[in-house]
Structure formats: C-alpha cells, structure tokens
Amino acid sequence: MVKVNVNGCDSFVKGAQYKEYVEKALKAYDTLQGEKGAGNDFLGWKTLPVDIDESLICEFEAIRDDWRSKGVNLVIAIGIGGSYLGAKCAIEALSHSFIEPQTKVVFAGNNLSEEYLAELLDLAKLRNVACVVISKSGTTTEPAVAFRIVKEYIEKTYGKKEASGRIVAITDAVKGALKTLSTQESYKTFVVPDNVGGRYSVLTPVGLLPIVLAGFDVRAMLKGAAAEREELLRKGEDNAAVKYAAMRNLLHTELGKAVEILVTYNPKFTYFAEWWKQLYGESEGKEGKGIYPASVTNTADLHSMGQFIQEGSRCMFETVINIEKANREMVIGSDEQNLDGLNFLAGQHVEHCNAMAQLGVKVAHIDGGVPQMEVSIERIDEANLGAAFYFFEFACGVSAYLLGINPFNQPGVEAYKKNMFALLRKPGYEKETEAILKRI
C-alpha cells in the first residue's frame, strides 16, 4: 500500500487552505471515478490490474522460454515515451545494479542518435538477439528508424524465416504500418489498447512483455497494483491520491510553487522518476498550466543540485519517494587507524545512514523554504512497484482534473514533428519546409 505524508508542508499552508483543496480534490476524484471528464475514452488503465488475463501472461512467458531455448541473451525493446519508460524503469528498479541478468533488455527508438544506434549494433554482434517493437502506428520516426535498422540486422544475421520468430510487435489491433508488416512477416503480435494512452500503458503488454523477458514477476506486479486500486477506490480525505493531488495543487496555486522535484534516495529508482516526469508533464502541461516535473537522486545530487534546492529560487516543492526497507544488508566496519573519522558509525547499517541523511535533508530543506511531501512504499519489489505505478497514475488523473486539465491528451507533442518532417523534406511538407527555412 502506498502512503502519503504531507506533514512536511504544515509550516507553509494553513489547515483551512488544505481542507479547501481536499474538497476540490474529492470533486476531481468523482470526475475521474464517474468517467464523465475530458478524455474519458482513455480510462482503460483504471481496471488493468484486474483485467489482464492469465493466458496473456502465459503467452509472454512462452516467448521468453522459446527465446531462451534459442540462446537469446539480448532483447532490443524499441519504443518511445510511454512505449518504453514504464518497462525501462521497472527493469532498472528490479535488476541487480552490476551483475547482468540471463537476458539483457536494452532500449532503442527513443532517440535519433547515430552513435547510439551504431553502438547498439556493436553489442548485438556480441550477443544472440531478439526484438520487441512497440508502436501503435509503426510510423513514429524515432522507433521506426531504429526498427528498420534492427530488423535488417536480425534478418541478415539469422535469415528472414528465423527473424520472424525473433521479432514481436505490440501495435494496433487492426490497422497501421506495423500491423500490416507483422501480418506480412508472421510476427507474433500483441495489442496496444485503444483506451489506454502511452504514458498509462506500463501494465499493458507494452510494459509487461519486456518485464517478463527480463525475468521478473508481472503477476506480483499486477497483484500489487490491484491491491492499490482497492485502496484508492475508498473515497475520503485520507485517500492517498486525494491527499497528494490536494497538496501539490495547493502549493502550486496558492504559494506559486511551479516546480515539483521527485526525490529518491535509491539509485534503482532514478528511472522511476523519468517515468513519473512523462506521466505528469504530458498529462498536466497544457493551456499555459501545469507543475514542472523535475527529479534528483540523493544523496548524489545533494552534491550538485543540493545548493540550488537549499538556497536558490523558492519556486519548488519536493515529493520524496520513501522506501521503508532495504532488500539487502551492509554493515559499516571498524578501522583501527580511523583516518576517515568514521568509527562512530561502526556497526551501523548503511541504510540507517541513508535514512538519517534523508531526515536531515528534510529538516534543512523545510527550514530553507521548500515544502516536502513523502510517498512511501515498503520496499523495491514487483508488488510495491505495481502499487506505485497505479498510485501515481490515479493521482495524476485526480490532480489534472483539479487543475482543470484533460489528463489524457497531448496536443503539443505534434508540433516538433511537423517541423522535423519539413526539415527532413518529407513529401507533402514542401510549404512548411519553405516557411521554416525563411525563419532560420
């Protein structure tokens, strides 16, 4: 279960203000639950934790087992935005920090760097390769370019017939370039649900298949998400999503806090922050509104961003991901010379030092004018990660409706694409090309 603590904001807000915003958040909660708000045709994510069929997970596991039987030890997952961030953050959080797993999952199609793709093929030449390509249309530039290159490599290396068994597509059910190609080449396919937007898709095949291929337990992840869903279905002022949405909007609207920094004290959660930034940035950043989502990984970033957070512009508040229990133990030893002066820590767990650093930072930042909330999970595992995914998705819907925003569209994403196509001289963009060239 995800817990939210807003006490770190007490010295910045009045009780009556918070109560007012809780009431607003409860109305936004009703909008989300009643499915009457803007974007209500993209609410399929709400029931995913209980909708995913066991047979689908078995299909994922069959692919994993088949590829392992062929010696596959590198899976290239191709996608951009929500088509890769959920899987990426889950795999980063659950993996050993240094020892490579039996099957390494790497990601492509999220940039247009020539060096990145060349180095990806350097790795592919050392490994036994398969590919998961994720795109509803199959024509989004970044993943389409990466897939063209990876597909060509797999076909040349293993032959066209064998390649068809080493490529899985997650795409539209009936239409689009990738669906057409998958039918032609007999790729195994899974569906990107029409009623789930990309940034809410981690608990669909988009996220679940790469996580299974990396060797992790998606049943436990879905079970954790389902348990969190049950908690969030209990409406009230103590509802964790209501508390989080109410306080962040109060800090933003009444105190002018324009930036929310998501803080983690475990480097395994660094990419969780990247997933969160897309979720909130793309859901709320519209119509001149929204809270800018940023992140730091402490204690490392206390030695880079810490100065600004402590004494810079008072434009921000913090939301700390509090992980209550470590999965491993490491005790600090004693040293006879004690040249580093740390013998006072002898016998202490490293995680105790981390917790005291977290508490010390909380007091310092609050004293420095930075309100702080805490979102707590018990530990880093599949169940708690599933709960965290569902919590932040649900809270995002509540928060955006409170802000007066449609949480489920992203009209601004297309602006750069039109300019890029024009500059690349894509057929049909001749007028746009001429206009842009005059400007630059």
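Residues numbered from 1 in each chain as written. Predicted model: local features only at pLDDT ≥ 70, side-chain atom pairs only at ≥ 80, totals over all residues. Heavy atoms only, no water.

> What is the right way to read the sheet that holds strand β8 (residues 292–297) from this model?
Within a sheet, adjacent strands bond to each other through the backbone by hydrogen bonds, running parallel or antiparallel. Taken in spatial order, the five strands line up as β1-β10-β9-β7-β8 in an open sheet, and their pairing is mixed. Each of the sheet's edge strands pairs with one partner strand only, and the pair in question is β1 (3–5) and β8. For this sheet, the mean angle separating the axes of adjacent strands, direction not counted, is 20°. Of the strand pairs in this sheet, strand β9 (residues 316–323) and strand β10 (residues 372–377) are connected by six bridges, and their pairing is parallel. Note on β10: the bridge partner recorded for V320 is E374. Packed on one face of the sheet, helix α15 (residues 382–403) meets β1, β7 (259–264), β9 and β10 and runs near 140° to β10. (Pairing = 2+ DSSP bridges. Helix = DSSP H or I, 4+ residues; strand = E, 2+ residues; numbered from the N terminus. Axes fitted to C-alpha atoms, helices over the stretch in contact; angles between N-to-C directions. Contact = heavy atoms within 4.5 Å.)

> Any chance you could explain the nonpolar core here in plain terms?
Nonpolar side chains tend toward joint burial in soluble globular proteins. Membership of the largest hydrophobic core comes to 98 residues, with the highest contact counts inside it found for W45, F272, W275, F391 and F392. Among the elements that line this core, the one with the most residues is α15, at 13 residues. Setting aside residues up to four positions removed in sequence, W45 forms contacts with L32, N195, V196, Y200, Y390, E393, F394 and F408. Formed by 23 residues, the second largest nonpolar core is a distinct cluster that contains I78, F147, L178 and L181. (Core = buried A, V, L, I, M, F, W, Y, C linked by side-chain atoms within 4.5 Å. Buried < 20%, exposed > 50% of the residue type's maximum accessible area, 1.4 Å probe, protein only.)

> What is the right way to read a negative patch on the surface from this model?
Judged by side-chain charge, E114, E115, E119 and D122 come together as a negatively charged surface patch. Tracing the backbone shows D122 in helix α5 (residues 114–124). (Patch = residues over 30% accessible without salt bridge, like charges linked within 9 Å, V, L, I, M, F, W, Y side chains within 5 Å. Areas by Shrake-Rupley, 256 points an atom, 1.4 Å probe, with all protein chains shown as cover. Salt bridge = Lys/Arg side-chain N within 4 Å of Asp/Glu carboxyl O. Lys, Arg positive; Asp, Glu negative; His and termini not counted. Charge placed at Lys NZ, Arg CZ, Asp CG, Glu CD.)

> Even after reading the chapter, I still don't get the side chain of S283, so can you show me in this structure?
Checked against the element boundaries, S283 lands in helix α12 (residues 270–284). In this structure the side chain of S283 is engaged in a polar contact, spanning 2.6 Å, whose partner is the backbone oxygen of L279. Excluding anything up to four places from it in sequence, S283 contacts R199, Y200, Q278, C396, A400, I405, N406 and P407. (Polar contact = N/O pair within 3.5 Å; in protein donor to acceptor, adjacent residues only side chain to side chain.)

> Got a minute to help me understand the packing of aromatic side chains in this structure?
What describes a pair of aromatic rings is the distance from one ring centre to the other and the angle between the planes of the rings. Overall, the coordinates contain 23 aromatic pairs when judged by the stated rule. Ring centres of F60 and F190 lie 5.0 Å apart, and the angle between their planes is 70°; on these two criteria the pair is classed as edge-to-face. Within this pair, whereas F60 is found in helix α3 (residues 54–69), its partner F190 is found in strand β6 (residues 188–191), the two being separated by 130 residues in sequence. The interplanar angle of 45° and the centroid separation of 5.8 Å between the aromatic rings of Y244 and F391 together place this pair among those described as tilted. Here Y244 is found in helix α11 (residues 240–255), whereas its partner F391 is found in helix α15, with 147 residues between them in sequence. The ring centre of Y158 lies 3.7 Å from the NZ or CZ of R166, which sits over that ring. Above the ring of F421, the side-chain terminus of K426 is found at 4.2 Å from the ring centroid. (Phe/Tyr/Trp six-rings, centres within 6.5 Å; stacked < 30°, edge-to-face > 60°. Lys NZ or Arg CZ within 6 Å of the ring centre and 35° of its normal.)

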